[in-house]
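Each chain, written out:
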Amino acid sequence: MRPLVATVDLAALRHNHALAKGCAPGARAFAVVKANAYGHGVREVVTALHDDADGFAVACLEEAAEVRALHPSARILLLEGCFEPLEYQVAAHLGLDVAVQGGEQAEALLAAELERPLNLWLKLDSGMHRLGFSAPDLRDWHARLQGARQVAELNLMSHFACADEQGHPLTAQQLESFLSLADLPFAGRSLANSAAILSLPQAHLDWLRPGIMLYGASPFAGRDATALGLQPAMSLTAQLIAIREVPAGETVGYGAAWRAGRPARIGTVSCGYADGYPRNAPAGTPLAIRGRRVPLAGRVSMDMLTVDLSELPEARPGDPVELWGAGLPVDEVARACGTIGYELLTRVTARVPRRYRF
Ligand SMILES: *Cc1c(COP(=O)(O)O)cnc(C)c1O
């Protein structure tokens, strides 16, 4: 069996969920499980949170149907709303909460014949300028939708662009824009992603939307997850499958892109870019063996990568290699690769088996 596995610690996940909810006593939370629960496996994540979660949030109807099959009663929020008019019927059938992010979606809803009315989340474009109504348009749509036969609850949501950067001026502007609609009657209001849950109590309101923090990675560039009290949920573990001595001046890997400046001990590791490890990871990107950091050396191949073991003479073939996880924060690896933990976690490919700890 190929020695590469993503081990998912569901107790860590539950701990992180409880930590998110503890930040805002009284608020409810949509656990964000889009993109296969950020790569962790939506079935197991929804099952692990089954009794604790108030609801789940997903990016599309296909994901929502999967969650509904696992949880008959939880609220499930479709974050981007329906992509075509017919989806409203499926959403009603599944009993979803549906975002409405623009005039076309709202018109399609008012034209739909539904088996039951939907809980709607009017999305305000408070400054991210990706989805949502302007504040005046949102007021108009609130008036038009209130009391419509397709509508059960009317709720309000928006999304932060920069909540991960402490004190960014756009965050205060977005909060102000959101609160400027406080005079409208909404059943519930939701604004906080992980970064805002951890750093912006004014944004907590009725419903939290924790994503990355559930998986134990940090939403902030400069603050590590453990310092925030989070526990990493995924450990990606491979093995040293070969070790060789490479004379000074020789090169390692495709493109001969890494050259040994001194006699080097090179280890070959059973993980490559077809597993989701970034091919653009530069030499020096950390991996962990025997509790120590070792640097990536040479280009990442499809199924393997190479590390410089010169500073770790005790390393042996068969040693486990942590790409990231409990002993090496995914955020540290992401930083070295010029990306974020979110991307590394979500791009672990289907060929990597997930194993679960309960
Ligand atoms: C993905 C997403 C979230 C979760 O964000 P995190 O930064 O992972 O906590 C919340 N709200 C919306 C609208 C999203 O798309």
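Cut-off values and rules
- Residues numbered from 1 in each chain as written.
- Predicted model: local features only at pLDDT ≥ 70, side-chain atom pairs only at ≥ 80, totals over all residues.
- Heavy atoms only, no water.
- Near = heavy atom within 4 Å.
- Polar contact = N/O pair within 3.5 Å; in protein donor to acceptor, adjacent residues only side chain to side chain.
- Areas by Shrake-Rupley, 256 points an atom, 1.4 Å probe, with all protein chains shown as cover.
- 1 Å grid on protein atoms, 1.4 Å probe; cavity = no way out; pocket = protein on both sides within 12 Å on 5 of 7 lines; lining within 4 Å.
- Sits in = over half its atoms within 2 Å of the grid points.
- Nonpolar A, V, L, I, M, F, W, Y, C, P; charged D, E, K, R; others polar.
- Disulfide = S-S within 2.5 Å.
- Buried < 20%, exposed > 50% of the residue type's maximum accessible area, 1.4 Å probe, protein only.
- Helix = DSSP H or I, 4+ residues; strand = E, 2+ residues; numbered from the N terminus.
- Pairing = 2+ DSSP bridges.
- Core = buried A, V, L, I, M, F, W, Y, C linked by side-chain atoms within 4.5 Å.
- Domains from an automatic or database assignment.
- Contact = heavy atoms within 4.5 Å.
- Arc of directions from axis to C-beta.
- Axes fitted to C-alpha atoms, helices over the stretch in contact; angles between N-to-C directions.
- Parallel < 35°, antiparallel > 145°, perpendicular 65-115°, else oblique.
- Left-handed = near helix turned anticlockwise from the far one by under 90°.
- UniProt positions renumbered as here; feature names shortened; annotations may be inferred.

A. Structural view of the site of the ligand. Neighbouring the ligand are 13 residues, the closest being K34, Y38, S194, I212 and Y342. K34 has a polar side-chain atom sitting 2.6 Å from an oxygen atom of the ligand. In this structure, I212 approaches the ligand through a main-chain N or O atom, which is 2.8 Å from an oxygen atom. Protein contacts shield 91% of the accessible area of the ligand, which totals 390 Å² for the unbound molecule. With respect to the detected pockets, the ligand is housed in the largest pocket. Considering only residue class, the shell around the ligand consists of six nonpolar, four polar and three charged.

B. Focus on the state of the cysteines. For the structure shown, the criterion picks out zero disulfides. Left unpaired, C82 is separated from the closest cysteine sulfur, that of C60, by 11 Å. Between C271, a cysteine without a disulfide, and C337, which holds the nearest cysteine sulfur, the sulfur-to-sulfur distance is 11 Å.

C. Structural context of the pairing of strand 2 (residues 28–32). The element strand 2 is extensively covered by neighbouring structure, given that four of its five residues are classed as buried. Alignment of strand 2 against strand 9 (residues 207–208), held across two bridges, turns out to be parallel. When the sheet's bridge partners are listed, A29 is paired in strand 9 with L208. Pairing analysis gives three bridges linking strand 2 to strand 3 (residues 55–58), with the strands arranged parallel. Counted as the bridge partner of F30 is G55 from strand 3.

D. Representation of the nonpolar core within the structure. Counting residues in hydrophobic clusters, the biggest one holds 119 residues, and the most contacted among them are V33, Y88, Y277, L323 and W324. When residues of this core are assigned to domains, at least three fall in each of domain 1 (10–218) and domain 2 (234–357). Once residues within four sequence positions are removed from consideration, V33 is found in contact with V42, V45, V46, F56, A57, V58, V67 and Y215. Core analysis: the next-biggest nonpolar cluster, separate from the first, contains seven residues, V246, V252, W258 and I266 among them.

E. Summary view of helix 6 (residues 103–111). Of all the residues in helix 6, the buried ones are Q105, A106, A108 and L109. Looking straight down helix 6, one finds its buried side chains confined to an arc of 160°; they lie on one side. Residues E104 and A111 are exposed on helix 6 and point more than 90 degrees away from its buried face. Where the residues of helix 6 are buried, they touch helix 5 (87–94), strand 5 (97–100), strand 6 (118–123), helix 7 (135–145) and strand 7 (151–157).

F. Up close: the environment of P278. Within the element layout of this structure, P278 appears in the loop between strand 13 (264–269) and strand 14 (286–289). Not counting chain neighbours up to four residues away, the residues in contact with P278 comprise V300, C337, L344 and R347.

G. Spatial organisation of the packing of helix 4 (residues 61–70) against helix 5. Contact pair helix 4 / helix 5: the axes reach a minimum separation of 11 Å and the direction vectors enclose 15°. As judged from the angle between their axes, helix 4 and helix 5 are roughly parallel. Here helix 4 and helix 5 pass one another in a crossing that is left-handed. Together, L61, A65 and R68 of helix 4 and E87, V90, A91 and L94 of helix 5 make up the contact between the two elements. A breakdown of the residues in the contact of helix 4 with helix 5 according to their chemical character gives five nonpolar, no polar and two charged.

H. Molecular detail of the UniProt feature "binding site: substrate" (unreviewed entry) in the chain. Listed under "binding site: substrate" (unreviewed entry) in the UniProt record, and renumbered for this structure, are R130 and M302. With the annotated positions falling across 173 residues, the maximum pairwise C-alpha distance of 34.4 Å shows that they are not confined to a single cluster. Filtering the just-named annotated residues for those lining the largest cavity gives R130. If we skip the residues at most four places from it in the chain, R130 touches D125 and H159. As for its position among the elements, M302 is in the loop between strand 15 (292–295) and strand 16 (305–308). What makes M302 partly exposed here is its relative accessible area of 43%.

I. Looking closely at the side chain of T306. Looking at the secondary structure, you find T306 in strand 16. The buried category is assigned to T306, whose relative accessible area is 12%. A distance of 2.5 Å separates a polar atom in the side chain of T306 from the backbone oxygen of A297. When neighbours within four sequence positions are excluded, T306 is seen to be in contact with V252, I266, G267, T268, L296, A297 and G298.

J. Representation of the domain arrangement of the chain within the structure. What the domain assignment lists for the chain is domain 1 (10–218) and domain 2 (234–357). Counting residues at the interface gives 12 residues for domain 1, matched by 10 residues for domain 2. Of all the secondary-structure elements, those providing two or more residues to the side of domain 1 that touches domain 2 are helix 1 (10–23) and helix 2 (34–38).

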